[in-house]
Each structure stands twice: as C-alpha cells, then as structure tokens.
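# Structural characterization, general
If you want the building blocks of each chain, they are given just below.
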Amino acid sequence: ATAVSLVAIQLVTGRQHQIRAHLRHIGHPVVCDGRYAADVFDMDRSWCSRNFIHRWRLAFHDLDAEYCEVQEPLPEDLRHVVGRLHKTPALSALVALDPMGCATGGDRLLA
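Notes on the structure follow. (Residues numbered from 1 in each chain as written. Predicted model: local features only at pLDDT ≥ 70, side-chain atom pairs only at ≥ 80, totals over all residues. Heavy atoms only, no water.)

### Observations regarding unusual backbone geometry
Unusually for a residue other than glycine, Cys 32 sits at a positive phi of about 65°. By secondary structure assignment, the location of Cys 32 is in the loop between α1 (18-25) and α2 (41-45). (Helix = DSSP H or I, 4+ residues; strand = E, 2+ residues; numbered from the N terminus.)

### Thoughts on a nonpolar patch on the surface
Among the surface-exposed residues, Leu 58, Phe 60 and Val 70 lie close enough to one another that they form a single nonpolar patch of about 250 Å² accessible area. Tracing the backbone shows Val 70 in strand β3 (residues 67-71). (Patch = residues over 30% accessible without salt bridge, like charges linked within 9 Å, V, L, I, M, F, W, Y side chains within 5 Å. Areas by Shrake-Rupley, 256 points an atom, 1.4 Å probe, with all protein chains shown as cover. Salt bridge = Lys/Arg side-chain N within 4 Å of Asp/Glu carboxyl O.)

### A look at the pattern of salt bridges
One pass over the full model with this rule turns up five salt bridges. Measuring nitrogen to oxygen at the nearest pair gives 2.7 Å for the salt bridge that ties Arg 50 to Asp 77. Within this pair, whereas Arg 50 is found in the loop between α2 and β2 (57-61), its partner Asp 77 is found in helix α3 (residues 76-84), the two being separated by 27 residues in sequence. A relative accessible area of 29% places Arg 50 in the partly exposed class. Close ionic contact of Arg 79 with Glu 76 constitutes a salt bridge, the shortest N to O distance being 2.6 Å. With Arg 79 and Glu 76 both in helix α3, this residue pair falls three residues apart, about one helical turn. On the basis of relative accessibility, which here comes to 40%, the residue Arg 79 falls in the partly exposed class. (Buried < 20%, exposed > 50% of the residue type's maximum accessible area, 1.4 Å probe, protein only.)

### Quick notes on the pairing of β3
In terms of strand pairing, β2 meets β3 through five bridges, oriented antiparallel. Paired with His 61 across the strands is Tyr 67, a residue of β3. Hairpin connection of β2 to β3: five residues between the antiparallel strands, including Ala 65 at a positive phi of 70°. (Pairing = 2+ DSSP bridges.)

Spelled out as structure tokens, the structure:
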C-alpha cells in the first residue's frame, strides 16, 4: 500500500499549479494528479476518483480594500476517500513535526 499524508498548505502567491508542481518536485505528488503524477495516476484512480486537492479557504482584500473570506468544507467524495484510508497515528505525529516529509512520512500527498 502507498503511504499518503493529508496536508494543509498556505500560499503566499497564487501561481497556477504552484502547489502541484512544487509537491511533485520534492517527491510528494498530489494524489490522482494526471499532469504532475502521471506515473502513478492509474494506481491513484483505483481508490480516488479525482485530483485530491481542495481550497477550503480563500481570503483577500477586494478593490475597495475590504477583507473578504470564503470557506468550504472538504467535499463528500474526498471525505469518503479520507475515511477509507488506514490511519497510522505514530507516523501522523512524525509528519506533524516534519510537515514537508523530509525526514519521515508518506510519499504521496492529499492536499
């Protein structure tokens, strides 16, 4: 079985594909990413029906300098995928200490 990690990432700039490209570059591609993880895409599709990436919060200042924020919980289909995963508490604790997975953790990411 492939190890995966659920991560939260905060962007500083909004470059297109930034999360997906950077995570692939460090060897932790997003699950079911046909563009940046084509080598494992078919395997991912066997247990996750779509790219596992979700913007749960969007915040910005509009043209009148007013703060705007929108939040959206993880969609049901992705919650179902997370619910089917086997959790490894000890490993999850290590990943929390090393969020980029440089020393330990899964080799695939749910972002």
